[in-house]
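Architecture and fold: a report
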Amino acid sequence: MDRFPAFISLADRRVVILGGGDAALGKARLVVAAGGAPILIWPEVAESIRVELSGAATIIEGAPTRADLTGAVIVFVAVDDDGLAAEWAAAAKTAGALVNAVDRPELCDFTTPSIVDRGRLTIAISTGGAGPAFAKAIREKIEALVPARADALLALAARYRESVKAKIAPPARRRFWENFFRGPVAARAYAGDEAGANELAIAALNDPDTDKMDGVVHIVGAGPGDPELLTLKALRLIQDADVVLYDRLVGDDILSLIRRDAERVFVGKAKANHAVPQEEIERRMIGFAREGKTVVRLKGGDPYVFGRGGEELEALKAAGVDAYVTPGITAATGCAAAAGIPLTHRDEAQAVTFVTGHAKDDAEPDLDWGALAALKNTLVVYMGVSKAGVIAARLIAHGRAVETPAAIIENGARSEQRIVKGTLGNLGVMIDAAGVKGPAILIIGEVAARADGAGLVDIAAQARRAA
Ligand code: SAH
């Protein structure tokens, strides 16, 4: 450690800011955010500052005097002139205050850190002045990991701290708090359900056997594959989980974000191509939750788009397990963005339809071909590779033009991405010719003509060149 970290209560403390420009305003905002009431003194104070700080700070538009510094614990020197800055920093030191001079580390007793502010939860990051930009980058990472509603949970903790102390002796008390901050109480508070969190906290407090506290299950969408397309919430949940149940669509890049000591359970199709039955997945999630674990059920794309997320949530609720769904970027939007295809377009597509090309027992997909062909908008087919030829033939038979542009996006938004571009008429041939093997979606409609991006294979252009 290069500096001594400390969190100072500013209630009833004299904090003086010398300066009347943006730098002074920045420091004033910081002091006000921390519950202080700064005194800002300088011959000229910008109008906008007076307006913003009115009521929150005392503003004295006039030359500061040494007497103004008497009794100050902190003095910020936020002035442009080098000579004045040095002079006032020295005066403040003489008055016994700790000094921070904006952009003049040599005059500073302390620096202001990069801050993650969640109310009671405050995280301050310092690089000892060596790399403020680095501190900022770290701050952004931490911001992503700290729940936005952390303060609501801490408020609840503060409310029960005394009762817990009176009712639960150590070591059970430590377990109580561990469960409190990681289990369903936390999940409810983070989801904005403060009444529900409160209810559970009371129940846990009244049940002396705190080991029995249930866990929680988060059904989380992992997006199409690129870890950068995870939501901040998904990332936080993945990194917090005790157990992660994941399926085939979730790639290694994302799995590597799971905590090293967390349990990973693969529930997708195994080599023999036998998927873990749905009931078995649900049974295991419920079992883990009842052991008090924080469980993440990680699914490709969005859990509610052809992902059976609805069934899983129902099963968990029926078993009385607290469960939540975190959305993800679904394959259609993720792949469309990766392939430069706007799913809707003012001139070309007024709507977009997502369908599944999968059908039970390898039968033909049971879709309303007439309606789909008549819409003449963008059609996105999930799980449609093996039936692409049939799908194209049915759409054409029901009136969609043979020349309608079509694109196949394989492993969209991943490093192995391929975009095969052609027309509805040769969709089946395109798939065979390109040897599509990975997960792929079909995008059919005028907008598909714009397909472009990493891994492009333009079948139509190839055919033109060959002719
Ligand atoms: N819940 C998922 C879809 C699951 S169904 C979602 O919202 O995306 C599985 C199908 O999704 C695959 O057969 C494929 O059609 C599509 N898919 C998922 N990820 C994909 C990707 N990275 N690239 C292309 N298609 C993908």
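Look up a bit, the structure's there.
Thresholds, definitions, all that
Residues numbered from 1 in each chain as written. Predicted model: local features only at pLDDT ≥ 70, side-chain atom pairs only at ≥ 80, totals over all residues. Heavy atoms only, no water. Helix = DSSP H or I, 4+ residues; strand = E, 2+ residues; numbered from the N terminus. Buried < 20%, exposed > 50% of the residue type's maximum accessible area, 1.4 Å probe, protein only. Contact = heavy atoms within 4.5 Å. Areas by Shrake-Rupley, 256 points an atom, 1.4 Å probe, with all protein chains shown as cover. Lys, Arg positive; Asp, Glu negative; His and termini not counted. Charge placed at Lys NZ, Arg CZ, Asp CG, Glu CD. Core = buried A, V, L, I, M, F, W, Y, C linked by side-chain atoms within 4.5 Å. Near = heavy atom within 4 Å. Polar contact = N/O pair within 3.5 Å; in protein donor to acceptor, adjacent residues only side chain to side chain. Pairing = 2+ DSSP bridges. Axes fitted to C-alpha atoms, helices over the stretch in contact; angles between N-to-C directions. Phe/Tyr/Trp six-rings, centres within 6.5 Å; stacked < 30°, edge-to-face > 60°. Lys NZ or Arg CZ within 6 Å of the ring centre and 35° of its normal. Arc of directions from axis to C-beta. Salt bridge = Lys/Arg side-chain N within 4 Å of Asp/Glu carboxyl O.

The secondary structure content of the protein amounts to 17 helices and 18 strands. Its C-alpha atoms give the protein principal-axis dimensions of roughly 90 × 60 × 35 Å. Across the 467 residues that make up the protein, the buried fraction comes to 45%. Look at the contacts in the protein between residues 6 or more apart in sequence, and 64% of them connect residues 24 or more apart. Working note: accessible area of the protein is about 23400 Å², and carbon and sulfur atoms make up 53% of it. Distance between charge centres in the protein, computed from 54 positive and 60 negative side chains, equals 4 Å.

Core analysis: the biggest nonpolar cluster contains 37 residues, and Leu18, Leu69, Val75 and Val77 have the highest contact counts within it. Secondary-structure elements contributing two or more residues to this core are β1 (14-18), α1 (22-33), β2 (39-42), α2 (47-53), β4 (72-77), α3 (82-94) and β5 (98-101). With residues up to four places along the chain from it excluded, the contact list for Leu18 reads Ile41, Trp42, Pro64, Leu69, Val75, Phe76, Val77, Ala78, Val79 and Trp88. Of all hydrophobic cores here, the second largest spans 23 residues; its members include Leu379, Ala392, Ala434 and Ile459.

Quick look at the site of the ligand now. Around the ligand lies a shell of 19 residues, among which Asp302, Val305, Thr330, Ala331 and Ala440 are the nearest. A distance of 2.8 Å separates an oxygen atom of the ligand from a polar atom in the backbone of Asp302. Ala440 is positioned with one of its backbone polar atoms (N or O) 2.7 Å from an oxygen atom of the ligand. In isolation the ligand exposes 540 Å². Once the protein is present, 93% of that is buried. Of all the elements in the fold, those that place two or more residues in the shell around the ligand are α13 (331-338) and β17 (440-444).

Inspection of the secondary structure puts Ala90 in helix α3. Put simply, Ala90 and Ile41 are 49 residues apart on the chain and 17 Å apart in space, counted from C-alpha to C-alpha.

Another point: the sheet that holds strand β3 (residues 58-61). With respect to topology, five strands assemble into an open sheet ordered β3-β2-β1-β4-β5, the strand pairing being parallel. Unpaired on one side and paired on the other, β3 and β5 mark the two borders of the sheet. Sheet twist, expressed as the average angle between the axes of neighbouring strands with direction ignored, equals 15 degrees. Against the sheet, α1 makes contact with β1, β2, β4 and β5, and its axis sits at roughly 165 degrees relative to β1, the strand it touches most. Each of β1, β2, β4 and β5 is contacted by α3, which is oriented at about 175 degrees to β4, the strand it contacts most.

The next subject is the packing of aromatic side chains. All chains considered together, the criterion is met by nine aromatic pairs. One aromatic cluster in this structure is built from Phe176, Trp177, Phe180 and Phe181. If you follow Arg161 out to its NZ or CZ, it ends over the ring of Trp177, 4.4 Å from the centre.

Below, the discussion takes up the sheet that holds strand β15 (residues 405-410). Ordered in space as β13-β14-β17-β15-β16-β18, the six strands form an open sheet in which the pairing is mixed. In this open sheet, the two edge strands, each paired with only one partner strand, are β13 (352-356) and β18 (456-458). Averaged over all adjacent pairs, the angle separating strand axes in this sheet is 20 degrees, with direction ignored. Bridging between strand β14 (residues 378-382) and β17 involves three bridges; their strand directions are antiparallel.

Below, the discussion takes up helix α16 (residues 427-434). Among the residues making up α16, those that are buried are Leu427, Met430, Ile431 and Ala434. For α16, the buried positions fall inside an angular range of 95 degrees around the axis, keeping them on one side. Set apart from the buried face of α16 by more than 90 degrees, the exposed residues are Val429, Asp432 and Ala433. Directly beyond the C-terminal end of α16, a positive phi value near 60 degrees is found at Gly435.

Using the criterion set out here, one finds 26 salt bridges in the structure. Note that Lys387 and Asp362 form a salt bridge whose closest N and O atoms lie 2.9 Å from each other. Of this pair, Lys387 sits in the loop between β14 and α15 (388-397) while Asp362 sits in the loop between β13 and α14 (369-375), and the two are 25 residues apart along the sequence. Since its relative accessible area comes to 61%, Asp362 is described here as exposed. A network of salt bridges, in which partner residues are shared, links Arg182, Asp240, Asp242, Arg259 and Asp261.

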